[in-house]
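Listed below are the residues making up each chain.
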Amino acid sequence: MYKYIPYILLSMALMLVQIFIIDNIDLGTSISIWIRPMIFPLIVLLLPTQWSSIWVVLVSYCVALLMDLLLGGAGLYVITLLPIALFRSTLIYFTTRRSAESSEQSQLLSRMPLPQLMIYIAVSLLLYHALFFIMETLSTANIMRLIATILLSTICSLLISWPVVRIFTTKVGA
Amino acid sequence: MHRLLEFIKRIYVVLLFLLLEGMAIWQYATSTPYTEAKILSRTTAVGGYFSKKITNINHFFSLSDENEMLTHRVSELEQTLERERELLADYAEESWQRKMQDGEDSEELHYLYYPARVASMTISHMRNYIVLDKGERDGIKKNMGVITPDKYLVGYIIHCSERYSVAMPVLNTEFTMGGCLSMTNYTCSLRWSGDSPYHVDIIDVSTYAQPEVGMAVEVWSERLPKGVIVGHIESFEHNAAKTAYSARLKLAVEMSALDNVLIVENTHYGEIEKLMDNIENQTSQTTKN
C-alpha cells in the first residue's frame, strides 16, 4: 500500500492543479479558445505498468468521473480518457518499443530514458486532446481551428507536464 | 457454456470498457440539445446502414419464395391472357356478342398453365431428363409442354407419377418438335446433336426462308401456344443437296439455371391426337387392303 502513496499524492496534485489553477487561468477569450491544456491524463499515463488493464480502466473511470462531476463534463472526460487507458500498453509499446506486460519491468516508466518517456506522453496527450476536442465540438465545420487547438493545447500540456515527469522519474520511481 | 465463460473471461476488460464508454456517451448525448442532435443523428445513420445491410441479406434469402410467388402470378396472367386472346379471336369471328349473352365465360380455355419447380435434372448426358415437383394429382398429363415463365422452350412431359412428372428437355437426342422462323413462319424441325448444352440445330428450313443470324425460332407444336421461343440463329448453311437450310441455334433458356417452370396443357390436344390416330388407322387399313 505504502509504495502507492507517491502515485496517490501525484494524482491528487495533478487534479488540483488542473481544476484550480489551469482551468482558472484567465488568458482572455482570444487565447483560451486556442489553448486549453490538460495534464490530468498523466495520472493514467504514469500508473504502474505492472497493473492489469482492468485496474487501469477502473482507476481511469474514477478519475474521469470525478473530473466530469467537478468540471461539468457530462461524461465527456470519461469518453475521452477510457480509450487512452485501454490502449495504454499499446501506446507504450509503439512509442518506446518496450512491452508493458513484462513482469520483469515493474517500474518500466520511471526507469525509462526521459526523451523516450516524453515521446510516449506526447503521443498519448496528442491523442487525448484530439479525442477531447473532436467530441466537444462534434463538428468538422472549423477543421483547421480544431487541428490548431489540438496541437497548441498538446504543446502547452507537454510544457506543463515536463516538471511533473521529472518529479515522477526522480521521486516516484526512485 | 464453459467456452462462453472462457471467452467472456478473455475479453471482460473490453466489455467493461464498452459498458462504461456506452454509459458515458449516453450521458453526454443527452446532456444538451446540441450533443443530442449531433450524436443521435450519427448513431441513427450508423444504425440505418446496418439495418439496410440486414434487410438486404433477409431479402436475398426470401428470393426463392418470391420467385415461386411470381411464377404463380405468371401462370395466372398467362391464363388471363389466353382468355383474352380467345375472346379476341371470337370477336373476330363475330360470335363474341353471342358468347357474352350466353355467359360462356366459363368455357374451357385452349391452354392451361401449371406452375412447377425443377426437383432434379441432368444436362451432361445424351439423354437428359428433368424431374418436376408436380404430378397427376396436380392435373399434369403426358405430352404437356414445359416452358419458362418468360416463355422459352424447355421440353415436354413424357411420364407422370402421383406427385412428380418427368419432362424430356430439348437437350435430349430423342427430342422432336416442330419450329418456325418467327419473322417468316417457315417451319423446321428441332433436334439436339448432343455436343453443347447451349445449342440446338434446326433442319429442313425451306430455301425460300432466307434465315438470318439473330433471327428467333419459335415452337410450332400442338403441345404449346405460339410465341414460345426456342432460341436465336447463330449460323446457318445449305444442306448437301441444297434443297433446304440447316441452322445452329443458341438456346434461349439457360438449362443449367432452371428452377421455376410452367407446364402448359393444350385442352384440345386429346382431340387432335384422336384425329391423328384415326387417320393413321385409316391409312394402315388402306395399305392392308
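The numbers attached to residues start from 1 for each chain and follow its sequence in the written order. Chain labels run from A onward and ligand labels from 1 onward, assigned in the order the entries are written. Owing to the predicted nature of the model, reporting of local features is limited to residues with pLDDT of at least 70; listing and counting of side-chain atom pairs is limited to 80 or more, with chain, interface and lining totals taken over all residues. The side-chain numbers reported here are obtained from all heavy atoms of the structure, hydrogens and water having been left aside.

A.B. asks: Even after reading the chapter, I still don't get the overall build of chain B, so can you show me in this structure?
C.D. replies: Secondary structure follows DSSP: runs of H or I at least 4 residues long count as helices, runs of E at least 2 residues long count as strands, and numbering of each begins at the N terminus. When helices and strands are tallied, chain B shows 5 helices and 12 strands. Accessibility here uses a 1.4 Å probe with only protein chains present; expressed as a share of the type maximum, an area under 20% marks a residue as buried, one over 50% as exposed, and anything in between as partly exposed. For chain B, with 289 residues in total, the buried portion stands at 34%. Note on contacts: a residue pair qualifies if any of its non-hydrogen atoms lie within 4.5 Å across the two residues. Considering only contacts within chain B whose residues lie at least 6 apart along the sequence, 59% involve residues at least 24 apart. Only the protein chains shown count as cover for residues, and all accessible areas are computed by the Shrake-Rupley method using a 1.4 Å probe. As displayed, chain B has an accessible area near 18,000 Å², and 56% of this comes from carbon and sulfur atoms.

A.B. asks: I'm lost on a nonpolar patch on the surface in this one. Help?
C.D. replies: Residues and elements named next belong to chain B. Exposure above 30% relative accessible area and the absence of a salt bridge qualify a residue for a patch, where like charges join within 9 Å and nonpolar side chains (Val, Leu, Ile, Met, Phe, Trp, Tyr) within 5 Å. Any Lys or Arg side-chain nitrogen located within 4 Å of an Asp or Glu carboxyl oxygen qualifies as a salt bridge. Side chains of Met1, Leu4, Leu5, Phe7, Ile8, Tyr12, Val14, Leu15 and Leu18 sit close together on the surface and give an oily, nonpolar patch of about 880 Å² of accessible area. Assignment of secondary structure puts Leu4 in helix α1 (residues 2-29). Owing to a relative accessible area of 47%, Leu4 belongs among the partly exposed residues under this scheme.

A.B. asks: I tried to follow the pairing of strand β11 (residues 244-251) of chain B on my own but got confused; where do I start?
C.D. replies: Sheet faces and side chains relate simply in a regular strand, where the side chains alternate between the two faces. All names here are of chain B. Most of β11 is tucked away, with 6 of its 8 residues classed as buried. Bridging between strand β8 (residues 199-206) and β11 involves 6 bridges; their strand directions are antiparallel. Across the sheet, Ile202 pairs through a bridge with Ala247, a residue of β11. In this structure, strand β10 (residues 229-238) lies alongside β11, joined through 7 bridges in antiparallel fashion. The pairing criterion for strands is at least two bridges between them, as found by DSSP.

A.B. asks: Mind showing me how you'd approach the packing of helix α5 (residues 76-86) of chain A against α1 of chain B here?
C.D. replies: A packed helix pair is summarised by two numbers, namely the angle formed by the two axes and the spacing between the axes. In the contact formed by α5 of chain A and α1 of chain B, the axes pass within 8 Å of each other and the chain directions differ by 160 degrees. Of the possible angle classes, the one that applies to α5 of chain A and α1 of chain B is roughly antiparallel. Considering the relative orientation of α5 of chain A and α1 of chain B, their crossing is left-handed. Here Leu76, Val78, Ile79, Leu82, Pro83 and Leu86 of chain A of α5 of chain A come into contact with α1 of chain B, specifically with Val13, Phe17, Leu20, Glu21, Ala24, Ile25 and Tyr28 of chain B. When residues are sorted by character, Ala, Val, Leu, Ile, Met, Phe, Trp, Tyr, Cys and Pro go into the nonpolar class, Asp, Glu, Lys and Arg into the charged class, and all the rest, Gly among them, into the polar class. Split by residue class, the contact of α5 of chain A with α1 of chain B holds 12 nonpolar, no polar and 1 charged. Orientation is described by axes fitted as lines to C-alpha atoms, over the contacting stretch for helices, and by angles from 0 to 180 degrees between their N-to-C directions. Small angles under 35 degrees read as roughly parallel and large ones over 145 as roughly antiparallel, with 65 to 115 read as roughly perpendicular and the rest as oblique. Helix crossings are classified by the rotation of the near helix relative to the far one: an anticlockwise turn of less than a right angle makes the crossing left-handed, while a clockwise turn makes it right-handed.

A.B. asks: Which parts of the structure should I look at to understand the sheet that holds β10 of chain B?
C.D. replies: By definition, the strands of a sheet pair up through backbone hydrogen bonds, in either a parallel or an antiparallel sense. All names here are of chain B. With antiparallel pairing, 6 strands are arranged side by side around a closed barrel as β6-β7-β8-β11-β10-β9. Direction aside, neighbouring strands of the sheet carry axes that sit 40 degrees apart on average. Summarising the sheet, strand β6 (residues 177-181) and strand β7 (residues 187-191) pair through 4 bridges and their orientation is antiparallel. Of the residues in β7, the one forming a bridge with Met177 is Leu190.

A.B. asks: Just to check I follow, could you spell out the packing of aromatic side chains for this structure?
C.D. replies: The geometry of two aromatic rings is summed up by the distance between their centres and the angle between their planes. Here a Phe, Tyr or Trp ring, Trp counted by its six-membered ring, pairs with any other such ring whose centre lies within 6.5 Å, and the pair is stacked when the planes are under 30 degrees apart, edge-to-face when over 60, and tilted otherwise. All told, the structure shown has 10 aromatic pairs over all chains when counted by the stated rule. A centroid spacing of 5.7 Å and a plane angle of 80 degrees characterise the contact between Tyr93 of chain A and Phe94 of chain A, whose relative ring orientation is edge-to-face. Since its relative accessible area comes to 37%, Tyr93 of chain A is described here as partly exposed. Taking the centre distance of 5.8 Å and the plane angle of 80 degrees together, the rings of Phe236 of chain B and Tyr245 of chain B count as edge-to-face. Among the aromatic residues, those joined into a ring-pair cluster are Phe40, Tyr77, Tyr128, Phe132 and Phe133 of chain A. Here Arg223 of chain B stacks its cationic end above the ring of Tyr156 of chain B, 3.7 Å away from the centre of that ring. When the NZ atom of lysine or the CZ atom of arginine is within 6 Å of a ring's centre and also within 35 degrees of its normal, the charge is said to sit over that ring.

A.B. asks: So what exactly am I meant to see when it comes to the confidence of the model for chain A here?
C.D. replies: Interpretation of the predicted coordinates at a detailed level should be avoided for regions scoring low in pLDDT. Of all residues in chain A, 88% attain a pLDDT of 70 or more, and the chain-wide mean is 82. Here pLDDT means the predictor's own confidence in every residue, given as a number from 0 to 100. When pLDDT is averaged over each element of chain A, α5 of chain A comes out on top at 91 and helix α2 (residues 29-32) of chain A at the bottom at 70.

A.B. asks: What exactly am I supposed to notice about a negative patch on the surface here?
C.D. replies: Residue and element names in this part refer to chain B. In this tally Asp and Glu are treated as negative and Lys and Arg as positive; neither His nor the chain ends contributes. Note on charges: their place is set at NZ of Lys, CZ of Arg, CG of Asp or CD of Glu. On the surface, a cluster of negative charge is contributed by Glu222, Glu273, Asp277 and Glu280. Within the secondary structure, Glu280 is located in helix α5 (residues 269-288). With a relative accessible area of 54%, Glu280 lands in the exposed category.

A.B. asks: Looking at this structure, I do not really get the pattern of salt bridges. What am I missing?
C.D. replies: Once their charged atoms are close, side chains differing in charge can pair, the charge on each being opposite to the other. Residues and elements named next belong to chain B. Counted under the stated rule, the structure contains 10 salt bridges over all chains. The salt bridge partner of Glu265 is Lys141, with a shortest N-O separation of 2.8 Å. With Glu265 in strand β12 (residues 260-266) and Lys141 in the loop between β2 (130-132) and β3 (145-147), this residue pair connects regions lying 124 residues apart in the sequence. The salt bridge partner of Asp201 is Arg248, with a shortest N-O separation of 3.3 Å. Taken together, the residues span a long stretch of sequence, with Asp201 in strand β8 and Arg248 in strand β11 at a distance of 47 residues.

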